[in-house]
Amino acid sequence: MLLNSASGIGNKALDFTLEEAKRRMEDAFQANASRPLFTGTAHQAPEVLPHVYTSSSIVQGNVLSNFGSKYMLPVGTTRVDSDNWEEVTIPPARPVPPQTSERLIPVTELDGLARGSFPGYTSLNRIQSIVYHTAYGTNENLLICDLFQGKTDVAMLTVLRVIDQNLSSPTVKSNPGQLASAIKRDDFKIIYVAPMKALAAEIVRKLGKRLAWLSIRVRELTGDMQLTKAEIAETQIIVTTPEKWDVVTRKPTGEGELASKVKLLIIDEVHLLNEERGAVIETIVARTLRQVESTQSLIRVVGLSATLPNYIDVADFLRVSRYHGLFYFDSSFRPIPLEQHFIGVRGKPNSDQSRRNLDRVTYEKVIELVQQGHQVMVFVHARKETVKSAKILREMALQEGTLDDFSTQEHPTIFLFRRDIGTSRNKEMKELFNDGFGIHHAGMLRSDRNMMEKMFEARAIKVLCCTATLAWGVNLPAHAGKHLIIKGTQVYDSSKGAFVDLSVLDVLQIFGRAGRPGMETSGEGYICTPEDKLTHYLDAITAQVRGGTLIYLHRFIAGMVDSLNAEVSLGTVTTLKEAIQWIGYTYLFVRMRRNPMVYGLSHDEPVDDPQLGNKRHQLVKAAAQKLAAAGMVNYAEATEFLEVTDLGRIAAKYYIRMASIEIFNKEFRPIMSEADILGLLSMSTEFDQVQLRENEVKELKHLMDEIIPCEVKGGTDTSQGKVNILLQSYISRAYVEDFALVSDMAYVAQNGGRIIRALLEIAISRKWATVCSVLMAMSKAVEKRMWPFEHPLAQFDLSQDVLHNLQSWGDDYTVAELASMTAVNLGELIHMNERHGAALLKAAKQFPTGVLTHRLRPLSADLLKVSIHIVKNFEWSTRLHGTAEPFWIWVEDHEGIEIIQWSHILLRQSTVDMDVDFVIAIRGSKPPASVCVRFMSDRWMGAEDEVNISLENLIMPAFTDCHTPLLDLPFLPVSRNKVAAPFKLPFQYFNGIQTQCFWASIHTSQNFLLCAPSGAGKSTLIMLALWQSGPEASALIIVPNRSLAMETASLYKLSQGFSRIPIETVLASNILLAKRGKGIRITTSHCLLAALQKHSKAVSDWLADLRIVLCEDLELLHAEYELSVSLLMHHTQMSPVRYIGLANCLNDPTDLAHWLHVPPQGTFSFRPSDREQSLAVKVVSFNIPHSAVLFKAMAKPAHTAIREGSPDDSVLVFVPSFAQCHGVATDLITQCAVDINTRGFLGRDTSVEDLEPYLSRLHNHALFELISHGIGIFHESVHRADLGLTLQLYLEGIIRVLIVPRDACWTVPVRANMVIVMGIQYLKLSSNSDRQVREYSIQEVARMQACSVRPERPGTFNLFCQAEQRDPYIRFLNEGLPLESDLTITSSLAEWLQDMRKEGSVVGKQDCMDAISFTFFTRRARSNPVYYDAAPGMEEYISRLVDAIWEPQD
């Protein structure tokens, strides 16, 4: 641990005590007092930044020329030439004198929260003390430029600042014992971006240990370490890599959701901007900065960096204040002075001479240091090089006669160490130890590594040859040596498929281990590199050339196309204007303004265009055109609008380059074999860096000929063939000898699985069934490292003997057959005992499967609903299955080529069964021979099933053109009509539908059915018919539910006029029967059914007076509604009762008319397009599963739709549940803030001040901000007074937006100029407490659409839905709703039958059949028998139905 007491040479020379600080302040005061106020000469003072600390006289921020040229090496640098190498020695930097008031901050002065997180510290060190007040006391963005002094502790201070701001009470800090319970852990996330996985693991360990006392969870999220949604939820600090965080923040769901809770983003080693990964860092920072502005949330950005010359540019990029958040410390602040030696080894790189010279200079430096009594760490760059280098050093020492200098035989405890090492099986380690050498790398056993660390710490080893992972903190000894040698700088990079230069970051990290504070007083670092690389490392390590060079230009602009696609996919960029703004958040923009000529701009352009708008427009337009050409975005040049396609969304999700997408567009086909897929995969540009080397061909040929099963196109002659062979070898678990091939195989496997998943989703989006199945199997093959032809139970932890015998003796048995057997039988089957059989049985029962059944439900002449019922059929194991098992299910055509519809579902432990519905179109007059339902696990190989559904005997409803054409008739005037004149009608003329139906509805007594669009005046017309019947008539209006009863009553009373007919709403059966004589009674189907079941004399007397029955909203016909009307018709079959039916547009009302005994001349069925009002229907489809992020993705299109409407338009926004109301409202307010619209959705003439009298009346203060921005919420759970006030403000136009949950669509009493339906799925809690996604009924969507229809005003209906649900919903909204009977689906019929049998009204089965004959069900079952499983004969079917529900009476 870094104990920051005043230790080390630098701290001996500099005194940071409180007394010394006071003395320096007094000296400064005296010097200032004796200085003249004016010098008489005017000079322009340079910009002085308060927190830039350097020992150099050069202003470090300006050492770069336009082209990154170097200037000088530090003073005191020496050069020594020899025959075989050149050595440059840079002396330690001189310490920077302390500022006037500078002092070290004792830990005792910290508050309880900070003090408890710095255990073992006496004080903060010099840098931490300088930064402390800004890091812990403010929310300023920070950039800390420092080479060696514990930047992690500075990060810790910013972490503690976030925790401090999320305490339930600030006073709790005085009581450390209560701090852990006072932290609001669910309110924040902290992201620590580390440059590599090894460092990420070390940061997790350090932070986790330091914050354990606060119960703060720290977890790693990298390519190797995935987190579940539950783990993310319970984690406060997530340590990740730049690439992983880029992937996470690209996702709209899952891991991506945590980005919305981030309060602090720490980016370690931000100077990597100048390296190849810089574009990724730039992307995530730009995305974060845009999120801060778009969401108006606080996300603090902290950059930790090595010293770099253009730190001001980086500070501007991170939005760091130069005067408050920028802290720069050069190497003079290093606690332990470091002397650096740069050795350029002569000889042609990679030649034998160069290698001999490298070995020689390494030995010379090692023996020199050892003879001085020092220990030495020699860093090499491959595991096998540790042993090789140690042996070479030993052999040279033997030849030179210096081997005794390395001996540790005189160590006092050498016998103990010799005993310990005798227990190791590592022969090389034992052999080298005897001569004082050690080895250390990640491939060794943990026990052996621990032994080497312990021996080196105890000085029982003089020389330790190790890999660079040791310097990154992985398995780091208690303290490193004071002398380090980096032997060579050539490192194999599997991502490039070649040897590359050791990164500057690695060199700095290794040098940082030379000398430890509190243990050493000085340190030396040596780097041995080829002579042609000497200048490169000199420049880089001494911070003379870093950042903003021409190399960076090429890297970012080349990757800008993919970065832009990611932003468009995320929804943060929808136009070129927004893309231009996005570029403004990047480091590229900062450098273009600072150094325009390097980026292709003339010197005068920034003067004429300071914000570089033209250059940015040029860059993003070129990128957009490339993306559009690849099919990844839709780009409208006229409007400059950008919209992501499925291809672009998948590319962003899986990190696929545009160049690879272009290849896939050319080569990807609907039918491909496994070999074809592997060939296509190997063509991906992600593998361009995998090079074929001549020395690998022999081993690759062996793998191809002897191991892998699929043919390799190109063989071993191409790098694509190499990729193919390595991926197949990985799946086959083949042993690979060559180290470079091992690295390449790991790289190919890691990227191959990701690209296969991308290809799978592309195939699903294109609905290619055959290739989807192949890709699904290949994806699981890479993940499980097994081929599809292997036994599925090989995925379990079964012994090799059991698996071998199973494949030998039980390979013909399916997993389901094995699961049905006993342990004894299974043991006998595999020729083993019962214990082995029990293990096999357990695995078979835990293998994920489901039992599928199906029912066909024709919805119209050309639409068929396939209802799939899935029953979970395996035993759940949390260890194996986690929280959920994902499955794909789709319907494919009879040829198995095209996916007709698909769905992705989750089976949870609580899931018992699940229903999935598909609506497919039947093309042509005859249905296809069959369709196939395919059900397969997304994770388990072989866990799949298919059900072939024959359609040969399918009987679809006959096509009937039953719609009534709307005639071009002159509209009837209200004033000249004797029937309508006495009433208060709000219009002067009847519309076209009312005019055409007027005679049949008013002047005849025949039954009447009118199916017309919402807002067509159906109810108004029938009101006239009821009032025309005379004051003595008795009329009954039946509605499906209470809310519609209230709505209907309000409408009738509002238009009653001079009519003396009483209007009553009756919701109790006994009161309904008591209401006799003249009048209009409005009741529900439930109340009517209860009344009719009484069968008393009161019922007969009441029915005797009845003359008109109006059935409202028949499109909502449910079982209770149907049964009540059927019984009413049965009772009144001998009475002169007129039946009138009203419904929304239906696609086939023929059977409904027959049921109500309506003659053809009394049946009017109009199309939705016949409505008088103009209604624009706009559909926006999404490919995001139902989740919170779906609504965030919908917020921007919703805001855009509202903004594009008139500022006076009212808007209804429907969401799935009340829980989403506040979130959607907040997202809409955020979008307003992005547009710099502080008024939100208030009425045109309304100010915030005008709202104050209303806001003071609110009971729920959570509504205060929403109302202030013109948004209200309608739901029964809102306080009654608040609900009334909200409706008042909405109706008066003071607020324009009203958010309504799905279940309130029937009760919302207002309409709007615009309706937005945000999603058509909701979560329903099943009987076993399992949450399942359900879709809105088409009747609910039609009701929501009706809210956008207003008399004589145009309306707009915006439907936001999943792409798969789009077509059926639009089809029904445009052509009419389907209507089928629910009578046999629910228990209403059976319950009624039992009640009637108890009362004696139904004696035998024939009575039951007679009653059923009056139902809508019997008519519809004849027309659509397959829907009700009524084929082949109707009478036989009804007889079976009665038998099923007829039970003996108790």
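Summary of the structure given here.

Reading guide: rules and limits
Residues numbered from 1 in each chain as written. Predicted model: local features only at pLDDT ≥ 70, side-chain atom pairs only at ≥ 80, totals over all residues. Heavy atoms only, no water. Helix = DSSP H or I, 4+ residues; strand = E, 2+ residues; numbered from the N terminus. Buried < 20%, exposed > 50% of the residue type's maximum accessible area, 1.4 Å probe, protein only. Pairing = 2+ DSSP bridges. Axes fitted to C-alpha atoms, helices over the stretch in contact; angles between N-to-C directions. Contact = heavy atoms within 4.5 Å.

As a further point, take unusual backbone geometry. Residue Arg-459 is not a glycine yet carries a positive backbone phi of 65°. By the element assignment, Arg-459 lies in the loop between helix H16 (446–457) and strand E14 (463–467). For Arg-459, a relative accessible area of 43% gives the class partly exposed. In the Ramachandran plot, Asp-1429 falls in the positive-phi region, its phi being about 55° despite a non-glycine side chain. Looking at where Asp-1429 falls in the secondary structure, it is placed in the loop between helix H53 (1416–1423) and helix H54 (1434–1445). Relative accessible area serves as the criterion here: at 37%, Asp-1429 is assigned to the partly exposed category.

Right, let's get into the pairing of strand E31 (residues 1079–1084). The element E31 is largely enclosed, with a buried count of 6 among its 6 residues. Neither face of E31 is exposed, since Gly-1079, Arg-1081 and Thr-1083 on one face and Ile-1080, Ile-1082 and Thr-1084 on the opposite face are all buried. Strand direction decides the pairing type here: strand E29 (residues 1034–1039) and E31, joined by 6 bridges, are parallel. The partner of Ser-1034 across the bridge, within E31, is Gly-1079. Two elements, strand E30 (residues 1063–1065) and E31, share 3 bridges in a ladder whose sense is parallel.

What the 7 strands build is an open sheet, ordered E30-E31-E29-E32-E33-E28-E34; its pairing is parallel. In the strand order of this sheet, the two ends are held by E30 and strand E34 (1163–1165), each with one partner. For this sheet, the mean inter-axis angle between neighbouring strands, taken without regard to orientation, is 15°. The pairing of strand E28 (residues 1008–1011) with E34 spans 3 bridges and is classified as parallel. Bridging from a neighbouring strand, Leu-1010 pairs with Phe-1164 of E34. Against the sheet, helix H36 (residues 992–1002) makes contact with E28, strand E33 (1138–1143) and E34, and its axis sits at roughly 170° relative to E28, the strand it touches most. This element, helix H41 (residues 1097–1105), spans E29 and strand E32 (1106–1111) of the sheet and lies at about 85° to E32.

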